[in-house]
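Here is what each chain is made of, one letter per residue.
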Amino acid sequence: MGATTPGFVCAHHHLYSTLARGMPSPPQTPHSFLSVLQQVWWRLDAALDLDMIYWSAKLGAAEALMSGTTCIIDHHESPNAIEGSLDVIRQACEEVGIRVNVSYGVTDRWQDDGTLLDRVAPSSAMTKGARLGLEENRRALLSGATAMVGVHAAFTVCDETLQAASALAKEFGVGVHIHVAEGPDDADAAIRLRDLAQDNWLIIHGVHLREPLPGVLVHNARSNMNNSVGYAQPQKSAMPVALGTDGIGADMPEEARVAFARLREDELTAPADVIDHWFDQSRALFPESRGDSVTWNYDNADSVWHLMYTPGTRPISVVVGGRTVLDEGVPTLVDIVDVRRQAAHHARRLHERLAS
Ligand SMILES: [Zn+2]
């Protein structure tokens, strides 16, 4: 056993949510999964500008690095700042020294007349917002960035948009990164996805998924608990399983401890090796992580049974692509104090917008 591990992978993140902490209370208290989206996330993403996205991503990337996470698969939405948003996220992560796979979450929920729909009819026409989102995905893919094609969720896109996203992903040989059956409102998603999904798709949440789909199921234990959507029972899924955070940081050992506690609550005999397998599936999505090196303040960091019952483990140094990007627990390429100060400034701007 030893203190060194490969880099950890967050297989589903929303780096734009880093500045959401401490945000003003929503106008109405959410009482369901859908109202959490309406009252919190769809208000937040509509308020983002490119400066906020940059500093949110930069702080999120720095905190990921300080947690031993060297690779993030990000899913982004900012309906009033679509163009250039993926470049900004890439730039922030590169400056910190971690790897990112970007995608823009296409949606038709914002109609061309500015109205917001909870659910989009499959027979509707593609909206301007969805077209811009697809263009942003295409721009990232054309630039040679590590990227996928993002879709918000089946219930907020029409068939035309879903098929266009699937075709774009095929054109570039990548998968689609999509939320599926997170809440009961999206339980029928598989009916529309089963003929489109491929093995390289990322199927996020799948809590209410009634049948396995091609692709990797990404489990976000803490987010699912936070949103009261139920337990996905990923250990029983026929799909390969990876671990994400759904935007609640990118501390993967910490996320895994929550996932393990939830797993054991459901199944007393479940071994921690299940978590190790999920770590491995996550690394398979971002194979460069295996060449990254994290040295921890804990001698048994490479033993999952030790890691699951040892809170507070921290990296001392991290090497990504041969470069030391964290030393003595502190990022080497950016000034973390300055990043926190700038992020706090833009968080205040964001919160003021949400309060008005
Ligand atoms: Zn998500």
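Small disclaimer: the values here were computed from a predicted structure and weren't measured.

Draft legend 1. Quick peek at the packing of helix H1 (residues 33–47) against helix H11 (residues 336–355). Close contact between H1 and H11 brings their axes to 10 Å; oriented N to C, the two are set at 120°. On the basis of their axis angle, the class for H1 and H11 is oblique. Judged by the twist between their axes, the crossing of H1 over H11 is right-handed. Facing Arg43, Leu44 and Ala47 of H1, the residues of H11 in contact are Leu350, Arg353 and Leu354. Here the residues of the contact of H1 with H11 sort into four nonpolar, no polar and two charged.

Draft legend 2. Here's a closer look at the nonpolar core. Judged by nonpolar contacts, the single largest core of 107 residues is most densely connected at Ala61, Ile72, Ile89, Ile98, Val180 and Ile203. Among the elements that make up this core, the one with the highest residue count is helix H2 (residues 50–65) (10 residues). In this view, Ile98 contacts Ala61, Ala64, Leu65, Thr70, Cys71, Ile72, Cys93 and Val320; residues no more than four positions away in its chain are not counted.

Draft legend 3. Up close: the sheet that holds strand E3 (residues 69–74). With parallel pairing, the three strands of this open sheet are ordered in space as E2-E3-E4. Each edge of the open sheet is held by one strand with a lone partner, namely strand E2 (8–13) and strand E4 (99–101). Shown here is a sheet whose adjacent strand axes are inclined to one another by a mean of 20°, direction ignored. Pairing between E2 and E3: four bridges, direction parallel. Bridge assignment links Phe8 to a residue of E3, and that residue is Thr69. This element, helix H9 (residues 273–285), spans E2 and E3 of the sheet and lies at about 80° to E2.

The rules we used
Residues numbered from 1 in each chain as written. Predicted model: local features only at pLDDT ≥ 70, side-chain atom pairs only at ≥ 80, totals over all residues. Axes fitted to C-alpha atoms, helices over the stretch in contact; angles between N-to-C directions. Helix = DSSP H or I, 4+ residues; strand = E, 2+ residues; numbered from the N terminus. Parallel < 35°, antiparallel > 145°, perpendicular 65-115°, else oblique. Left-handed = near helix turned anticlockwise from the far one by under 90°. Contact = placed C-beta atoms within 7 Å. Nonpolar A, V, L, I, M, F, W, Y, C, P; charged D, E, K, R; others polar. Core = buried A, V, L, I, M, F, W, Y, C linked by C-beta atoms within 7 Å. Buried ≥ 20, exposed ≤ 12 C-beta atoms within 10 Å, placed from the backbone. Pairing = 2+ DSSP bridges.

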